[in-house]
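Here are the chains, one letter per residue:
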Amino acid sequence: MSEEAGVVIIGAGVNGLGTAYHLGKMGYDDVVVLDKSYICSGASGRNGGGIRQQWTSEENIKLALESRKMFEKLNEELEQDLEFYQGGYLVLAFDEDESKDFKKNVKLQNSLGVESQYLTPEEAKEIVPELNISDVVAATFNQTDGTIYPFKVVNGYANRVREMGIDIRDHTEVLDIVTEGDEIKKVKTEAGDIKTDTVVNAAGGWSSQIAEMAGAEIPNKPVRHEIMVTEPYKRFLEPMVISFKHGIYFSQSEHGNVVGGMGNPDEEVGVNQTGSLWFMKNFSKTLIDFIPRFSGVNMIRQWAGLYDTTPDAQPILGTVPEVERFYQINGFSGHGFMVSPVVDKVTAELILGKEPSMDIDRLSVDRFEADDFEAEGAVVG
Ligand SMILES: Cc1cc2nc3c(=O)[nH]c(=O)nc-3n(C[C@H](O)[C@H](O)[C@H](O)COP(=O)(O)OP(=O)(O)OC[C@H]3O[C@@H](n4cnc5c(N)ncnc54)[C@H](O)[C@@H]3O)c2cc1C
């Protein structure tokens, strides 16, 4: 049996459901959200919950700053404690080049309204007294950065979206997107067809596959990233600590569990969500080098998810040249949770033909064709 929907959103992660939430808030509920697995089964349910505004590109700083302000109001909107804890992000530099870049980054961040500070290693140690600063050259810190509990955010959106009358169908895989000329006609799923002229590609690590179904090309590539959680310990770590050079990040939750991950520079492109011994060994060793007090803590769970990477480590937003009303909200690389509030809102505005509340033109897929892009330099892992 064929049905109809005004908008079909593919992917029930933070960005698919966040876009549905904003469409609903704007009074539009003729929407179906589809996911081939369970809600939050993609990267949205596998990440570190880090919310950071300390970026090197103007676009990312603006998206992250506006999103942080929106996260601050989200408890109230979703009527739930989302565990948004603003203990700051401490970013460590391990050589003079990094330290020089950090000074430049802070200047740009400050000029755009992010109150980050450049610190000496001793000042960094005042924030995390257990930190081994023997190889640290400098640091930056921003107090309003922090962490949030991803499942609560995504399920909070899902509950609200259902109350708004929007249909979420999990375990419903999209098999094809049928087009005629440059128009979308329907979405084929394993449970039947849905007629529509508007599709949102919020499929994270699978977004290139979805684009291909519609005859569009995006340069996204999925890359595995691994992460772990320890048993709960008495809380001593306030900020998220990260190093670009080592590809590591870690924080301690309100409940005392340490959550941290690390990228493998030799990771191959592809859909792979299995754990590896490489991660267990290298993450543990690096973590203990950073904070010797972590020696002997027990890891209780380790898992992996996909970074949906792009050539400049920045998201792809807006429509594509090949097909009309085919909206992209993907390619977030390692930071699609922290910028989700504003990009979800802007995507909903574009779909409804409203003036976008933030200019995202520079993040359209055309930038790769025109070779007019600058890589974000502050990705961990
Ligand atoms: C280990 C790790 C740590 C991270 N840490 C952070 C962090 O600290 N802070 C941060 O901001 N970001 C972080 N990220 C990145 C962040 O998690 C992602 O950018 C973000 O969650 C992407 O959300 P999304 O909704 O766009 O995609 P996803 O959450 O990946 O959702 C995509 C959904 O699409 C569905 N789908 C795919 N194909 C189909 C199909 N054919 N039919 C139907 N459904 C389909 C999938 O099942 C999936 O549920 C991290 C990522 C990883 C892997």
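Residues numbered from 1 in each chain as written. Predicted model: local features only at pLDDT ≥ 70, side-chain atom pairs only at ≥ 80, totals over all residues. Heavy atoms only, no water.

Undergrad: I'd like to hear about the packing of helix H1 (residues 14–25) against helix H8 (residues 340–351), residue by residue, with values.
TA: Viewed as axis vectors pointing N to C, H1 and H8 meet at an angle of 55°, and their least axial separation amounts to 8 Å. Classed by the angle they form, the pair H1 and H8 counts as oblique. Pair H1 / H8 crosses with right-handed handedness. Of the residues in H8, those touching H1 at Val 14, Asn 15, Gly 18, Thr 19, His 22 and Leu 23 are Ser 340, Pro 341, Val 343, Asp 344, Lys 345, Thr 347, Ala 348 and Ile 351. (Axes fitted to C-alpha atoms, helices over the stretch in contact; angles between N-to-C directions. Helix = DSSP H or I, 4+ residues; strand = E, 2+ residues; numbered from the N terminus. Parallel < 35°, antiparallel > 145°, perpendicular 65-115°, else oblique. Left-handed = near helix turned anticlockwise from the far one by under 90°. Contact = heavy atoms within 4.5 Å.)

Undergrad: Break down the packing of aromatic side chains for me, citing the residues and quoting the values.
TA: Taken as a whole, this structure holds 10 aromatic pairs when the rule is applied. Among the aromatic side chains, those forming a connected cluster through ring pairs are Phe 94, Phe 236, Phe 250, Phe 290 and Phe 294. We note Arg 235 situated over the ring of Tyr 85; from NZ or CZ to the ring centre the distance is 4.5 Å. One residue, Arg 293, lies across the ring of Phe 236, its end atom 4.1 Å from the ring centre. (Phe/Tyr/Trp six-rings, centres within 6.5 Å; stacked < 30°, edge-to-face > 60°. Lys NZ or Arg CZ within 6 Å of the ring centre and 35° of its normal.)

Undergrad: Run through helix H3 (residues 96–111), naming residues and quoting values.
TA: Between its terminal C-alpha atoms H3 stretches 23 Å, which fits the 22 Å expected from 16 residues at 1.5 Å a residue. All of the buried residues in H3 are Glu 98, Ser 99, Phe 102, Asn 105, Val 106 and Gln 109. The buried residues of H3 occupy an angular sector of 115° when projected down its axis, which confines them to one face. Every exposed residue of H3 that faces more than 90 degrees away from the buried side is listed here: Glu 96, Asp 97, Lys 100, Lys 103, Lys 104, Lys 107 and Ser 111. Turning to H3, the residues buried within the fold contact helix H2 (58–78), strand S5 (89–93), strand S6 (117–119) and strand S7 (138–142). Taking the backbone nitrogen of Asp 97 as reference, a side-chain oxygen 3.1 Å away marks Asp 95 as the first, capping residue of H3. Count one or two residues on from H3 and you reach Gly 113, which has phi positive near 105°. (Expected span 1.5 Å × (residues − 1). Buried < 20%, exposed > 50% of the residue type's maximum accessible area, 1.4 Å probe, protein only. Arc of directions from axis to C-beta. Polar contact = N/O pair within 3.5 Å; in protein donor to acceptor, adjacent residues only side chain to side chain.)

Undergrad: So what's going on with the site of the ligand? Residues and values would help.
TA: Inspection of the region around the ligand gives 38 residues, with Asp 35, Ser 44, Gly 50, Val 174 and Met 338 positioned closest. Here a nitrogen atom of the ligand sits 3.2 Å away from a polar atom, N or O, in the main chain of Gly 48. Note that an oxygen atom of the ligand is positioned 2.9 Å from one of the backbone N or O atoms of Gly 336. In the complex, the protein chains occlude 98% of the 1,000 Å² of accessible area that the ligand would expose alone. Of all the elements in the fold, those that place two or more residues in the shell around the ligand are H1, strand S14 (221–232) and strand S18 (299–309). Looking at the shell around the ligand element by element, the count peaks at three residues for S18. When the residues that make up the shell around the ligand are grouped by side-chain class, the tally is 16 nonpolar, 18 polar and four charged. Each of domain 1 (3–46 + 151–220 + 312–369) and domain 2 (86–145 + 221–309) accounts for three or more of the residues forming the shell around the ligand. (Near = heavy atom within 4 Å. Areas by Shrake-Rupley, 256 points an atom, 1.4 Å probe, with all protein chains shown as cover. Nonpolar A, V, L, I, M, F, W, Y, C, P; charged D, E, K, R; others polar. Domains from an automatic or database assignment.)

Undergrad: Lay out the nonpolar core in plain terms, naming residues and giving numbers.
TA: In terms of nonpolar packing, the biggest core is built from 65 residues, with Ile 9, Leu 17 and Val 33 touching the most fellow members. For this core, the domains that each give at least three residues are domain 1 (3–46 + 151–220 + 312–369) and domain 2 (86–145 + 221–309). (Core = buried A, V, L, I, M, F, W, Y, C linked by side-chain atoms within 4.5 Å.)

Undergrad: I'd love a proper account of the domain arrangement of the protein chain, names of residues and values included.
TA: With domains assigned, the protein chain is organised as domain 1 (3–46 + 151–220 + 312–369) and domain 2 (86–145 + 221–309). Averaged C-alpha coordinates put domain 1 and domain 2 at centres separated by 30 Å. When domain 1 packs against domain 2, the two sides together hide about 1,100 Å² of surface, and 50% of this comes from carbon and sulfur. Taken together, domain 1 and domain 2 are joined by zero salt bridges. At the surface where domain 1 touches domain 2, the tally comes to eight residue pairs in polar contact (both at pLDDT 80 or more). When the residues that make up the side of domain 1 that touches domain 2 are grouped by side-chain class, the tally is five nonpolar, nine polar and one charged. (Buried area = accessible area lost by both parts, 1.4 Å probe. Salt bridge = Lys/Arg side-chain N within 4 Å of Asp/Glu carboxyl O.)

Undergrad: Any details on unusual backbone geometry? Residues and values, ideally.
TA: Even without being glycine, Cys 40 reaches a positive phi, approximately 75°. Counting through the fold element by element, Cys 40 comes out in the loop between strand S3 (31–34) and strand S4 (50–51). Residue Cys 40 is classed as buried on the basis of its relative accessible area, which comes to 1%. In this structure, Glu 79 is a non-glycine residue whose phi angle is positive, near 50°. Checked against the element boundaries, Glu 79 lands in the loop between H2 and S5. You can call Glu 79 exposed: its relative accessible area is 63%.

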